[in-house]
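What follows is the residue order along each chain.
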Amino acid sequence: MKRLAKWRLISLFAILALVLSGCSGERFVSALRPAGEVADMQYDLMKLSTFVMVGVILVVMIIFIIIFFRFRRKDESIPKQVEGSHKLEIIWTVIPILLLLILAVPTVATTFHLADVSPMEKKNSKVLTINVRSHLYWWDFEYPGQKLVTSQELVVPTNEKVYFNLKSMDIKHSFWIPAVGGKLDTNTDNINKFWLEFDDKRANEAGNLFYGKCAELCGPSHALMDFKVKAISRDKFDTWVTAMQNIKEPQKAQGDLAIQGQDIFNKSCIGCHAVTPENKMPDTARMAPNLTNFGDRSRVAGILDHNKEKLKEWISNPETYKPGNLMTGKYPKMSEKQLDALAEYLMGLKVQE
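Keep in mind that what you see is a predicted model, and the values were worked out from it rather than measured.

S.K.: Describe the overall build of the protein chain, and please don't skip the residues or the numbers.
M.R.: Across its full length, the protein chain carries ten helices and twelve strands. Evaluated residue by residue, the protein chain yields a buried proportion of 37% over its 353 residues. A total accessible area of about 20,800 Å² is found for the protein chain, and carbon and sulfur atoms account for 61% of it.

Encoded structure:
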């Protein structure tokens, strides 16, 4: 009796774990809440395959139940044998073929459609193309047409196709925005290409902010290699681009504390972090995230609340929050006063009010 109660308890916790695994404190972080054309097509394929699978299970269960009760053995006589029945052999050969065709035709058609990146490869193409560079454990976004570079927070226009070139600068990672489209690897030896589209209505429902992840096990902080996607209208996107392009020199700090922080930054951080968005260096020279618009972002290090206290905690000991990161040990330990000044300066790095 005790053993039975124990197994009941284990089963209950297993079911709860399965149910709660689908819960999230953030909206639009699931592939089951599509927010764009690519995500819609992939979601339709998931539904199709699920319906086919459930349909097969239901048909088999119904046939089993009918046979179990209707043809239950009543004596020791041997039932009529059906081996060699051409009719049955044709039926159970044709049915799987039809099911495979039902799955294969839309899957192959969608795959070819999603793989079409020809618009970005045309000469003098006007489509928006973004070069994504993955690092341990952060993301770098270059807009070659706009001659801009930013990090950790991708900004895109809604209701139009955005094309991506994906490459890794160290080891294999995987670029994934769950609500907007499937994942694609970033490799060190080749460039992967694909496109996504962000639906304006559903972007507004999500607060114009989507969540991106690394979907390839890449080290101790793999699960913390997050980035954010700010999806805004084309007009707002153009305004953001113009504001970024207008920053030709590092922004001057405002206030005595921020001025002290800028001096600390120039002595300890400028060797790795850039504070101007113009792409003046090769990909291999980007050692750390670009901080030009750090004050406008929604997270510190991609994972912490965006405020001065969390920023100070990150600078004090990044290893606590992202084990194995390449920032740890690159600068001298700072006093509380220095941290206050540096946080004040960094939070003031804004391109839009």
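S.K.: Account for the pairing of strand E6 (residues 173-177), naming residues and giving values.
M.R.: Counting buried residues along E6, four of its five residues qualify, which places the element largely inside the surrounding structure. Summarising the sheet, E6 and strand E7 (residues 181-186) pair through four bridges and their orientation is antiparallel. Residue pairing in the sheet places histidine 173 in a bridge with threonine 186 of E7. Between the end of E6 and the start of E7, which pair antiparallel, lie three residues. With two bridges connecting them, E6 and strand E9 (residues 209-214) associate as antiparallel partners. Of the residues in E9, the one forming a bridge with phenylalanine 175 is cysteine 214.

S.K.: Hey, could you go over the pairing of strand E5 (residues 161-168) for me, with residue numbers and the actual values?
M.R.: Regular strands place side chains that alternate from one sheet face to the opposite one. For E5, a buried count of seven out of eight residues is recorded, marking the element as mostly surrounded by other parts of the structure. Here strand E1 (residues 128-135) pairs with E5 via seven bridges, running parallel. Its bridge partner being in E5, serine 134 is matched across the sheet by serine 168. Of the pairings in the sheet, the one linking E5 to strand E8 (residues 192-197) comprises six bridges and is antiparallel in character. By the bridge assignment, valine 162 is partnered in E8 with leucine 196.

S.K.: Could you give me a rundown of the confidence of the model for the protein chain, with the residues and numbers involved?
M.R.: Taken over all residues, the pLDDT of the protein chain has a mean of 89, while the share at 70 or more is 90%. Taken element by element, the predicted model of the protein chain shows its lowest mean pLDDT in helix H1 (residues 2-20) (62) and its highest in E5 (97).

S.K.: Can you lay out the packing of helix H7 (residues 256-268) against helix H10 (residues 336-347) for me, pointing to particular residues and giving the numbers?
M.R.: Here H7 crosses H10 at 95°, and the two axes come no closer than 7 Å. Regarding the angle of H7 to H10, the classification is roughly perpendicular. Together, Leu257, Ala258, Gln260, Gly261, Gln262, Ile264 and Phe265 of H7 and Lys337, Gln338, Asp340, Ala341, Leu342, Glu344, Tyr345 and Leu346 of H10 make up the contact between the two elements.

S.K.: Outline the sheet that holds E1, supporting the account with residue identities and numerical values.
M.R.: Taken in spatial order, the five strands of this open sheet run E3-E2-E1-E5-E8, and their pairing is mixed. In this open sheet, the two strands that pair with only one neighbour each are strand E3 (148-151) and E8. Going across the sheet, the axis of each strand differs from the next one's by a mean of 25°, ignoring polarity. Along the sheet, helix H6 (residues 234-245) makes contact with E1, strand E2 (138-143) and E3, crossing E3 at roughly 100°.

S.K.: Lay out the pattern of salt bridges in plain terms, naming residues and giving numbers.
M.R.: If charged atoms from side chains of opposite charge come close, those side chains can pair. Evaluated as defined, the whole model comprises 15 salt bridges. Across the pair glutamate 160 and arginine 234 runs a salt bridge whose closest N-O atoms are separated by 2.8 Å. Within this pair, whereas glutamate 160 is found in the loop between strand E4 (153-157) and E5, its partner arginine 234 is found in helix H6, the two being separated by 74 residues in sequence. On the basis of relative accessible area, glutamate 160 is assigned to the partly exposed category, the value being 21%. The class for arginine 234 is partly exposed, based on a relative accessible area of 29%. In this structure, aspartate 185 engages lysine 172 in a salt bridge whose closest nitrogen and oxygen atoms are separated by 3.7 Å.

S.K.: Kindly report on the sheet that holds E7, identifying the contributing residues and their values.
M.R.: One open sheet holds the five strands; their spatial order is E4-E10-E9-E6-E7, and the pairing between them is mixed. Each edge of the sheet is formed by a strand with only one pairing partner; in this case those strands are E4 and E7. For this sheet the average axis-to-axis angle between neighbouring strands, irrespective of direction, equals 25°. With four bridges joining them, E9 and strand E10 (residues 227-232) adopt antiparallel strand pairing. Note that in E10 the partner of glycine 212 across the bridge is phenylalanine 227.

S.K.: Describe the packing of aromatic side chains, listing the residues and the values that go with them.
M.R.: Taken as a whole and judged by the stated rule, the model has 14 aromatic pairs. A connected cluster of aromatic rings, assembled from ring pairs, spans Trp139, Phe141, Phe164, Phe175, Phe194 and Phe227. The ring of tryptophan 195 carries the charged tip of lysine 161 above its face, separated from the ring centre by 4.2 Å. A cation over a ring is seen here: lysine 183 above tryptophan 176, with NZ or CZ 4.3 Å from the ring centre.

S.K.: Report on the nonpolar core, specifying residues and quantitative values.
M.R.: Residues Ile130, Tyr143, Phe164, Phe175 and Phe210 are the most contacted members of the largest nonpolar core, which totals 47 residues. The next biggest cluster of nonpolar side chains, apart from the first, holds 24 residues, and it includes Ala258, Phe265, Phe294 and Leu349.

S.K.: Residues and numbers for the side chain of histidine 173, please.
M.R.: Here histidine 173 shows up in strand E6. For histidine 173, the side chain forms a polar contact with the side chain of aspartate 170, separated by 2.8 Å. Discounting chain neighbours no more than four positions away, the residues touching histidine 173 are Ser134, His135, Leu136, Trp139, Ser168, Asp185, Thr186, Cys214, Glu216, Cys218 and Met225.

The rules behind each value
Residues numbered from 1 in each chain as written. Predicted model: local features only at pLDDT ≥ 70, side-chain atom pairs only at ≥ 80, totals over all residues. Heavy atoms only, no water. Helix = DSSP H or I, 4+ residues; strand = E, 2+ residues; numbered from the N terminus. Buried < 20%, exposed > 50% of the residue type's maximum accessible area, 1.4 Å probe, protein only. Areas by Shrake-Rupley, 256 points an atom, 1.4 Å probe, with all protein chains shown as cover. Pairing = 2+ DSSP bridges. pLDDT = per-residue confidence, 0-100. Axes fitted to C-alpha atoms, helices over the stretch in contact; angles between N-to-C directions. Parallel < 35°, antiparallel > 145°, perpendicular 65-115°, else oblique. Contact = heavy atoms within 4.5 Å. Salt bridge = Lys/Arg side-chain N within 4 Å of Asp/Glu carboxyl O. Phe/Tyr/Trp six-rings, centres within 6.5 Å; stacked < 30°, edge-to-face > 60°. Lys NZ or Arg CZ within 6 Å of the ring centre and 35° of its normal. Core = buried A, V, L, I, M, F, W, Y, C linked by side-chain atoms within 4.5 Å. Polar contact = N/O pair within 3.5 Å; in protein donor to acceptor, adjacent residues only side chain to side chain.

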